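Now for the letters of each chain:
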Amino acid sequence: MDIHLDFGISPKMLRQTYLYQKPKLFKGAVQNLEAASWKDINEIYQRADPTAPLFHLRKKGAIVPKEEYVESFDDLGKTRYRFIKSVIYEHMKNGASLVYNHINNEPFSDHIARQVGAHTIVSGYLAFGSDESYKNHWDTRDVYAVQLFGKKRWQLTAPDFPMP
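A few points on the structure.

About the thresholds
- Residue indices begin from 1 for each chain and proceed along its sequence in written order.
- Local features in a predicted model are, by the rule used here, given only for residues with pLDDT of at least 70; side-chain atom pairs are given and counted only at 80 or more, and totals for whole chains, interfaces and linings are based on all residues.
- For the side-chain quantities, the full set of heavy atoms in the structure was used; hydrogens and water were omitted.
- Strands qualify as paired when DSSP identifies two bridges or more between them.
- In this text, helices come from DSSP runs of H or I with a minimum length of four residues, and strands from runs of E with a minimum of two, each type numbered from the N-terminal end.
- The contact rule is simple, with two residues in contact once any of their heavy atoms fall within 4.5 Å.
- Between the N-to-C directions of two axes lies an angle of 0 to 180 degrees, each axis being a line fitted to C-alpha atoms and, for a helix, fitted only over the stretch in contact.
- The classification of residues rests on relative accessible area computed with a 1.4 Å probe and restricted to protein chains. Under 20% of the type maximum is buried, over 50% is exposed, and intermediate values are partly exposed.
- In the sections that follow, a salt bridge refers to a side-chain nitrogen of Lys or Arg positioned within 4 Å of a carboxyl oxygen of Asp or Glu.
- For cavity detection a 1 Å grid was placed over the protein atoms alone, and a set of points counts as a cavity when a 1.4 Å probe fits there but cannot get out; an open set counts as a pocket when protein lies on both sides within 12 Å along at least five of seven lines, with lining residues being those that have an atom within 4 Å of a point.
- Grid points are joined across faces, edges and corners, and a volume is the space filled by probe spheres set on the points.
- Basically, the charged four are Asp, Glu, Lys and Arg, the nonpolar ten are Ala, Val, Leu, Ile, Met, Phe, Trp, Tyr, Cys and Pro, and anything else, Gly included, counts as polar.
- Note that the arc is defined by the directions from the helix axis to the C-beta atoms.
- The pairing test for Phe, Tyr and Trp rings, Trp by its six-membered ring, is centres within 6.5 Å, and the orientation test on the planes gives stacked under 30 degrees, edge-to-face over 60, and tilted for anything in between.

### Focus on the sheet that holds strand β4 (residues 62-63)
At step 1: Taken together, four strands build an open sheet; the order of strands is β4-β3-β7-β8 and the sheet is antiparallel. Each edge of the open sheet carries a strand with a single partner, namely β4 and β8 (122-127).
At step 2: The strands touched by helix α3 (residues 85-93) are β3 (55-59), β7 (97-103) and β8; relative to β3, the strand with the most contacts, the crossing angle is about 35°.

Structural data, given as structure tokens:
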């Protein structure tokens, strides 16, 4: 059985009450979490293009230069790029977050995203410590954060102006 999202209300009620209207934290919505593994997450990142602008490390609010954790190599006469995993891990041990925005065509994340019942843009955030990936902010779209592993303190507030 795959991971399943259960918001505890009908999809119709979710759309009528919350979608594009007000924030809501649904604790425990991820069902069958044991079906998820670090292997699933690792595969997404291993297939990622490390040179893509939507993929980066953030540390203390700043983007870490890719030259620090991406290297080129010759693959039968073609230049390709790969992550320097030891450098990424070191940055992450020191508070960096690995950010992968607009994840597309990945079965694991696509399966979860389809269950939200709204148009989605999938992004992934990985962090080892307690440092923030981002400071308090607001987004220009509804955000459905599905936390698979670890702990995080989520603080949601209503918009402070109409139709943000």
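### Remarks on the side chain of H56
At step 1: Within the secondary structure layout, H56 lies in strand β3.
At step 2: Residue classification places H56 among the buried positions, given a relative accessible area of 8%.
At step 3: Discounting residues that sit within four places of it in the chain, H56 has contacts with I63, Y69, S97, L98, V99, N101 and Y134.

### Some details on the pattern of salt bridges
Where charged atoms of side chains with opposite charge meet at close range, the side chains can pair.
At step 1: On inspection of all chains with the given rule, the structure shows five salt bridges.
At step 2: Two residues, K39 and E43, come together in a salt bridge whose shortest N-O distance is 2.7 Å. Placement of both K39 and E43 in helix α2 (residues 38-47) is noted, with a separation of four residues, approximately one turn of the helix.
At step 3: The exposure class of E43 is partly exposed, given its relative accessible area of 25%.

### Some remarks on the layout of surface pockets
Vacant regions in the atomic arrangement are exposed by a probe of water-molecule size rolled over the atoms.
At step 1: The computed volume of the second largest pocket comes to approximately 400 Å³.
At step 2: Contributing to the lining of the second largest pocket are 18 residues, with N42, Y45, K85, Y89 and L98 lying nearest its centre.
At step 3: Where the lining of the second largest pocket is concerned, the elements lending two or more residues are α2, β6 (78-83) and α3.
At step 4: For the lining of the second largest pocket, the class distribution of residues is 14 nonpolar, two polar and two charged.

### A short note on helix α4 (residues 107-114)
At step 1: If you check which residues of α4 are buried, you get F108, S109, I112 and A113. An end-on view of α4 places all buried positions within 125° of arc, on one side of the element. In α4, the exposed residues that point more than 90 degrees away from the buried face are P107 and R114.
At step 2: Of the surrounding secondary structure, the elements contacted by the buried residues of α4 are β1 (4-5), α2, β7 and β8.

### Describing the packing of aromatic side chains
At step 1: Within this structure, the stated rule accounts for seven aromatic pairs.
At step 2: Taking the centre distance of 5.1 Å and the plane angle of 65° together, the rings of F7 and F26 count as edge-to-face. You can see F7 sitting in the loop between β1 and α1 (11-17) and its partner F26 sitting in the loop between α1 and β2 (30-31), a full 19 residues away along the chain.
At step 3: Judged by its relative accessible area of 18%, F7 falls in the buried class.
At step 4: Ring centres of Y45 and F55 lie 5.8 Å apart, and the angle between their planes is 65°; on these two criteria the pair is classed as edge-to-face. Here Y45 is found in helix α2, whereas its partner F55 is found in strand β3, with ten residues between them in sequence.

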